[in-house]
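# An overview of the molecular structure
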Amino acid sequence: TEYVKGSDGLLTPRYYVRGRQLGKGGFSIVYVFEDQQNGETHAAKVISKSLLDKPRARAKVQTEILIHSTLDHWCVVRFVRCFEDTENIYILLEL
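A brief look at the structure comes next.

Counting across every chain of the model gives 4 salt bridges. Lys45 serves as the salt-bridge partner of Glu64, at 2.6 Å between the closest nitrogen and oxygen. Linking Glu64 in helix H1 (residues 55–70) with Lys45 in strand E5 (residues 41–48), this pair joins segments that are 19 residues apart in sequence. Of the charged contacts in the structure, one is a salt bridge between Glu84 and Lys49, with a shortest N-O distance of 2.5 Å. Of this pair, Glu84 sits in strand E6 (residues 79–84) while Lys49 sits in the loop between E5 and H1; the two residues are 35 residues apart in sequence, bridging distant segments of the chain. Using a relative accessible area of 48% as the deciding quantity, one classes Glu84 as partly exposed. Taken together, the salt bridges that share partners define one network made up of Arg14, Asp35 and Arg81.

Parameters at a glance
- Residues numbered from 1 in each chain as written.
- Predicted model: local features only at pLDDT ≥ 70, side-chain atom pairs only at ≥ 80, totals over all residues.
- Heavy atoms only, no water.
- Salt bridge = Lys/Arg side-chain N within 4 Å of Asp/Glu carboxyl O.
- Helix = DSSP H or I, 4+ residues; strand = E, 2+ residues; numbered from the N terminus.
- Buried < 20%, exposed > 50% of the residue type's maximum accessible area, 1.4 Å probe, protein only.

The structure is reproduced here in structure tokens:
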């Protein structure tokens, strides 16, 4: 569940359904996520916060988000948005 701030300043929940696993890396697992509000599907990179106990690991994730959010190239999957909850960081990418 992601909370999105509306034009009225209130937080509204956005719900996703996790689908099949697409891949796995050192810090994350990538799943298909479907937005329940509009039916859009994204690749969701799910990073467990328990793996980010060292400041350097957290900094690497923050740098990845910063770099990926500024890229706009046809050879690179498009960054959609990111959010987090108490257990994970979610990076949504085009599918």
